[in-house]
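Remarks on the overall topology
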Amino acid sequence: MQPVFRAMELTARTAVRLTGARIDYLGLEHIPAEGGAVIAINHTGYVDFLPAGLAAYYRGRRMRFMIKAEMQQVPVVNYLIKHTGTIPVDRAAGAGAYQHAVAALRCGEVVGVYPEATISRSFELKEFKSGAARMALDARVPIVPLIVWGAHRLWTKGHPRARMLRSGIPVTVLAGEPLAPAGDAATLSARLRERMAPMLAQVQQEYPHPAGQFWVPRRLGGGAPTPDEARVVEEQELAERRRKSSGTSQTDPSGTEL
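The following refers to the structure shown.

Reading the values: the criteria
- Residues numbered from 1 in each chain as written.
- Predicted model: local features only at pLDDT ≥ 70, side-chain atom pairs only at ≥ 80, totals over all residues.
- Heavy atoms only, no water.
- Helix = DSSP H or I, 4+ residues; strand = E, 2+ residues; numbered from the N terminus.
- Buried < 20%, exposed > 50% of the residue type's maximum accessible area, 1.4 Å probe, protein only.
- Phe/Tyr/Trp six-rings, centres within 6.5 Å; stacked < 30°, edge-to-face > 60°.
- Lys NZ or Arg CZ within 6 Å of the ring centre and 35° of its normal.
- Polar contact = N/O pair within 3.5 Å; in protein donor to acceptor, adjacent residues only side chain to side chain.
- Pairing = 2+ DSSP bridges.
- Salt bridge = Lys/Arg side-chain N within 4 Å of Asp/Glu carboxyl O.

The subject of this paragraph is the overall build of the protein chain. Broken down by element type, the protein chain carries 7 helices and 7 strands. Start at the N end of the protein chain and walk to the C end: the helices and strands fall as α-β-β-α-β-α-β-α-β-α-β-β-α-α. When each of the 258 residues of the protein chain is scored for burial, the buried share is 47%.

Listed below in structure tokens is the structure:
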């Protein structure tokens, strides 16, 4: 696992240099230097895993992510999954992946999880699933809240991918104080969201937010949909996927991302 992981780390650092991105890392001391931990990451785009993974790297850790099982059908991705300890998740039967993640946490590894499950079109926090909290409670490890902001400008849902080379887009990564694995899953998940919401608001406020830009939250004068508007779009997408899967459409059903 280590040689492939090392190669991916070097590739990620090279990719950052090629894009000309400046990534500011704040609060990395909150990522435990040793022992298991759940890293709870907000989800605004397709590449926020990269600065999140590098945050762990600069703390001397290697983050294992959970990824949708369909990606195993891509040979190169499947090779990386097998050689980096990435955890495939079958949405129809996720119990195995969950137990795999808990076992990794108990062995002292850090596991990256998106509590929102899917990308937030509003770029504000969506409602959280309880998986991150349940993992922390079962493995008796802390949850570290991690905010990634700016990477969604490169590539996010509903918008074309930006020109990557020499884009110069700044990215901020902020790690917060860990939450102890205490209480029940619902309570811990609520505490996690309450911790991450002001962290996200702080980073958004301090980051440039020109009026009208699609990547700027409506709350700050941007063109992103409000959380309510985004929820309507997501409900429509879900209804369409269900319609297609029921066989009422001749088109192929679309996939969903973690």
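Applying the stated criterion to the full structure yields 6 aromatic pairs. Arranged with centres 5.3 Å apart and planes meeting at 65 degrees, the rings of Tyr25 and Tyr58 form a pair that is edge-to-face. Linking Tyr25 in strand β1 (residues 23-26) with Tyr58 in helix α2 (residues 49-58), this pair joins segments that are 33 residues apart in sequence. Grouping aromatic residues by their ring pairs yields a cluster made of Tyr25, Tyr57 and Tyr58. Taking NZ or CZ as reference, Arg161 lies 5.0 Å from the ring centre of Trp155, over its face. For Arg193, the ring lying beneath its charged end belongs to Phe128, and the centroid distance is 6.0 Å.

Relative to the assigned elements, His43 resides in the loop between β2 (37-41) and α2. His43 gets classed as buried once you look at its relative accessible area, which sits at 5%. In this structure the side chain of His43 is engaged in a polar contact, spanning 3.2 Å, whose partner is the side chain of Asp48.

Right, let's get into the pairing of strand β5 (residues 110-113). Going residue by residue along β5, you find Val110 and Gly112 tucked away on one face and Val111 and Val113 tucked away on the opposite face as well. Relative to β5, strand β3 (residues 63-68) runs parallel, the two sharing 3 bridges. Across the sheet, residue Met63 finds its bridge partner in β5, namely Val110.

According to the stated counting rule, one finds 8 salt bridges in the structure shown. Among the ionic pairs, Arg219 bridges to Glu124, the shortest N-O distance being 3.0 Å. Note that Arg219 is positioned in the loop between α6 (185-206) and α7 (227-245) and Glu124 in the loop between β5 and α5 (131-139), a separation of 95 residues in sequence.

Shape descriptors only; they carry no functional weight alone.
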